[in-house]
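Okay, here's what each chain looks like letter by letter:
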Amino acid sequence: KKEKMPKLLGVENVHYGFFPYGKEKDPIDNYVKEKEITLPKGTKSVWARVAISGHGGDSLNAAAEFLKKNYYYKVNGEEIAKQAIWKDDCGCNKIHPQGGTWIYNRAGWCPGTKVNEYYYNLTPYIKDNKLKVDIDFDYYNGYASGDAGYQVAHDLFFIGEKGYNIKDN
């Protein structure tokens, strides 16, 4: 039996890297900025995938690794999602025993586990074959010392018409 599947037209990495968090003179917004994306020809739908994890700590609040904060996903200037950058089940990790601080909850990850991923359907926001996408973060200015930041992976998936066949086994 053959079934027509949507065609993946492309993937674009929008933001990727480790960016400082909590530095008043060098905020994360200097790195994770709004970007205008022109969609590939034939795009019928667009999905975003976002994975963010906090690492390192300042001397004030242990940000970013051990301080619960939020990010805000925006499309064309409109906030479409608010998400906590947090995992609250690190003490239930099946990979144990581990030394160190593995039992403590963290910003988006736990030792030995996958970083949280979130998906957003951006199709309703397409205008003139373009989208503007951005991620904003809760304001934080407590960076006294240390190397706090967020690892950010933000990708867009461009999907076209159903057009190729796969074999259903």
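Structure: above.
Residues numbered from 1 in each chain as written. Predicted model: local features only at pLDDT ≥ 70, side-chain atom pairs only at ≥ 80, totals over all residues. Heavy atoms only, no water.

Once that is clear, we can look at empty space enclosed by the protein. In total, this model carries one cavity of 30 Å³ or more according to the counting rule given. As a volume, the largest cavity reaches approximately 30 Å³. As for the largest cavity, its lining consists of I52, Y71, Q83, A84, I85, W86, G108, N116 and Y118. Among the elements that make up the lining of the largest cavity, the one with the highest residue count is strand 5 (residues 78-85) (three residues). Within the lining of the largest cavity, the residues separate by chemical class into six nonpolar, three polar and no charged. (1 Å grid on protein atoms, 1.4 Å probe; cavity = no way out; pocket = protein on both sides within 12 Å on 5 of 7 lines; lining within 4 Å. Points joined across faces, edges and corners; volume = space filled by probe spheres on them. Helix = DSSP H or I, 4+ residues; strand = E, 2+ residues; numbered from the N terminus. Nonpolar A, V, L, I, M, F, W, Y, C, P; charged D, E, K, R; others polar.)

The next point concerns the nonpolar core. Core analysis: the largest hydrophobic core is formed by 33 residues, its most contacted members being I52, Y71, Y73, L122, F137, Y150 and L156. For this core, the secondary-structure elements that each account for two or more residues are strand 1 (2-20), strand 3 (45-55), strand 4 (69-75), strand 5, strand 7 (130-137) and strand 8 (149-167). Discounting chain neighbours no more than four positions away, the residues touching L122 are V46, A48, Y73, V75, I80, L131, V133 and L156. (Core = buried A, V, L, I, M, F, W, Y, C linked by side-chain atoms within 4.5 Å. Buried < 20%, exposed > 50% of the residue type's maximum accessible area, 1.4 Å probe, protein only. Contact = heavy atoms within 4.5 Å.)

Turning to the packing of aromatic side chains, a few remarks are in order. Inspection of the entire model under this criterion finds six aromatic pairs. Ring centres 5.0 Å apart and planes at 20° place the aromatic pair Y73 and Y120 in the stacked group. With Y73 in strand 4 and Y120 in strand 6 (residues 118-121), this pair connects stretches of sequence that are 47 residues apart. Each ring, one from F137 and one from Y150, has its centre 5.4 Å from the other, and the planes form 15°; the classification is stacked. With F137 in strand 7 and Y150 in strand 8, this residue pair connects regions lying 13 residues apart in the sequence. Judged by its relative accessible area of 10%, F137 falls in the buried class. Members of the aromatic cluster, connected to one another through ring pairs, are Y21, F137, Y140 and Y150. The ring centre of W109 lies 4.9 Å from the NZ or CZ of R106, which sits over that ring. (Phe/Tyr/Trp six-rings, centres within 6.5 Å; stacked < 30°, edge-to-face > 60°. Lys NZ or Arg CZ within 6 Å of the ring centre and 35° of its normal.)

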